[in-house]
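# Working through the structure, step by step
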Amino acid sequence: MPVISPHAFASPVANDRGSPVPPTLREQVRRLERAHSTQHAGRAAAPLGVPEIDRLLPDGGLLTGALHEIEAGPSPSGRVAAHDGAALAFAAFLIGRLGPGTLLWCRQPSGAADAPPYAPALAAWVDPARLLMVTARRDEDLFWAMEEGLRTPGIAAVVGETRAADPTAGRRLSLAAEKNGVPVLLLRAQPAPPQSVCATRWRVASIPSPEFDRPRWRVELRRNRFGKPSVEEMPSWLLEWNDEARCLSVVPQALDRSAGAPQRERLVG
């Protein structure tokens, strides 16, 4: 009896793994992934209150039930600090946009001089009374605590400070976040190998501000898995926090769109 391979009826293009994927097909796949992730999360995205950013994010905000990464960017001097306050503050701002509940903050001190986040400083973005701090000595203990927190009722978000790059732990955190509808933020004090499963990846750096009570950050959206992709480069903004109005806004005439800047890597990859 002759054996007929199922590939005999496939078109040559379908069997060509090296052929490029049409942009329309990429967009269809992205929409299906976003719908699947949102359906499992069971909660709407949390708007950041910055229209210039929200319009690029899926469903107009930070997707709950997903893994997000925040890494420290270089300072004005070009150096990356061992513990960057801008990245930490941006993480506090993000979790402050979420609903009520306990915020689990897991961290791994890097040395004797490494102190936990300063509660009065965090109060600008989130009530410190909501924070539950966990300190772990080993990377595996930190990831375990984060994963258990995602399964715990009453937890609104989980934050983890680590320099470790563990693809397996990243996938487990992403699946646990999706299953339980709780966002998880991986805060990196220094740029590290990224997690390919994260929904968004941000790079945040401090920028000098003319006013003491209005800190400024340079924020890059380096990955936006389920949102609107950028054709040529990753979008970035110069943001300013207004402590009186308790809001974050784009500084006028200071968008990070340098005319002569070289094209950088694509937003979605």
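Our subject is the structure that appears above.
Okay, so let's go over this structure. Being a predicted model, the structure only gives us computed values, none of them experimental.

### Re the overall build of the protein chain
- Counting its regular elements, the protein chain contains six helices and nine strands.
- Total accessible area on the protein chain is roughly 14400 Å²; 56% of this is exposed by carbon and sulfur atoms.

### Examining helix α6 (residues 167-180)
- Relative to the 20 Å expected for 14 residues at 1.5 Å per residue, α6 spans 20 Å between its end C-alpha atoms, a close match to the ideal helical length.
- If you check which residues of α6 are buried, you get A169, G170, L173, S174, A176, A177 and E178.
- Two or three places before T168, at the start of α6, stands the capping residue D166, its side-chain oxygen 3.1 Å from that residue's backbone nitrogen.
- Following α6 by one or two positions, G181 adopts a phi angle in the positive range, close to 70°.

### A word on the environment of S236
- The topology assignment puts S236 in strand β8 (residues 236-242).
- It is 4.2 Å that separates the C-alpha atoms of S236 and E220, two residues lying 16 residues apart in sequence.

### Examining the pairing of β8
- Along β8, seven of the seven residues are buried, which leaves the element largely enclosed by surrounding structure.
- Burial along β8 is two-sided: S236, L238, E240 and N242 facing one way and W237, L239 and W241 facing the other are all buried.
- Sheet analysis places strand β7 (residues 216-224) next to β8, joined by five bridges and oriented antiparallel. Bridged to R216 within β8 is E240.
- Both β8 and strand β9 (residues 247-250) contribute to a ladder of four bridges, which runs antiparallel. Opposite W241, over in β9, you have L248 as the bridge partner.
- The hairpin formed by β8 and β9 contains four residues between the paired strands, and R246 there has a positive phi angle of roughly 55°.

### Considering helix α3 (residues 85-96)
- Taking 1.5 Å of rise per residue, 12 residues should cover 16 Å, and α3 covers 16 Å from first to last C-alpha, within 8% of that figure.
- Of all 12 residues in α3, 10 are buried, a share of seventy percent or more.
- For α3, the full list of buried residues reads A86, A87, L88, A89, F90, A91, A92, F93, L94 and I95.

### A look at the nonpolar core
- With 42 residues, the main nonpolar core has I70, F90, I95, W202, V204 and W217 as its most contacted residues.
- If one sorts the elements of this core by residue count, α3 sits on top with 10 residues.
- What I70 contacts, discounting residues up to four positions off in sequence, is A87, F90, A91, L94, L185, L186, L187, R188, W202 and V204.
- Core analysis: the next-biggest nonpolar cluster, separate from the first, contains 21 residues, L104, F143, A145 and A176 among them.

### A short note on the pairing of strand β6 (residues 200-207)
- When strand β1 (residues 67-72) meets β6, the two strands line up parallel, connected through five bridges. Residue pairing in the sheet places E69 in a bridge with R201 of β6.
- Alignment of β6 against β7, held across eight bridges, turns out to be antiparallel. Each bridged residue has a counterpart across the sheet, and for V204 the counterpart in β7 is V219.

### Side note on the sheet that holds β9
- Sheet architecture is open: nine strands sit in the order β3-β2-β4-β5-β1-β6-β7-β8-β9, paired in mixed fashion. Where the open sheet ends on each side, the last strands, each with one partner, are β3 (131-135) and β9. Pairs of neighbouring strands in the sheet enclose a mean axial angle of 25°, with direction left out of account.
- Of the strands in this sheet, β2 (102-107), β3, β4 (155-161) and β5 (184-188) touch helix α5 (residues 139-150), which is tilted by about 170° from β4.

### Focus: the packing of aromatic side chains
- One pass over the full model with this rule turns up six aromatic pairs.
- Judged by centre distance (5.3 Å) and plane angle (55°), the rings of F90 and W202 are tilted. Of this pair, F90 sits in helix α3 while W202 is found in strand β6, placing the two residues 112 residues apart along the sequence.
- Residue class for F90 comes out buried when judged on its relative accessible area of 1%.
- Residue W202 is classed as buried on the basis of its relative accessible area of 0%.
- Look at W125 and W241: their rings are 5.9 Å apart centre to centre, the planes differ by 55°, and that puts the pair in the tilted class. With W125 in the loop between α4 (119-122) and β3 and W241 in strand β8, this residue pair connects regions lying 116 residues apart in the sequence.
- Judged by its relative accessible area of 15%, W125 is buried.

Each value, and the rule that gives it
Residues numbered from 1 in each chain as written. Predicted model: local features only at pLDDT ≥ 70, side-chain atom pairs only at ≥ 80, totals over all residues. Heavy atoms only, no water. Helix = DSSP H or I, 4+ residues; strand = E, 2+ residues; numbered from the N terminus. Areas by Shrake-Rupley, 256 points an atom, 1.4 Å probe, with all protein chains shown as cover. Expected span 1.5 Å × (residues − 1). Buried < 20%, exposed > 50% of the residue type's maximum accessible area, 1.4 Å probe, protein only. Polar contact = N/O pair within 3.5 Å; in protein donor to acceptor, adjacent residues only side chain to side chain. Pairing = 2+ DSSP bridges. Core = buried A, V, L, I, M, F, W, Y, C linked by side-chain atoms within 4.5 Å. Contact = heavy atoms within 4.5 Å. Axes fitted to C-alpha atoms, helices over the stretch in contact; angles between N-to-C directions. Phe/Tyr/Trp six-rings, centres within 6.5 Å; stacked < 30°, edge-to-face > 60°.

This is a description of form; function is not addressed.
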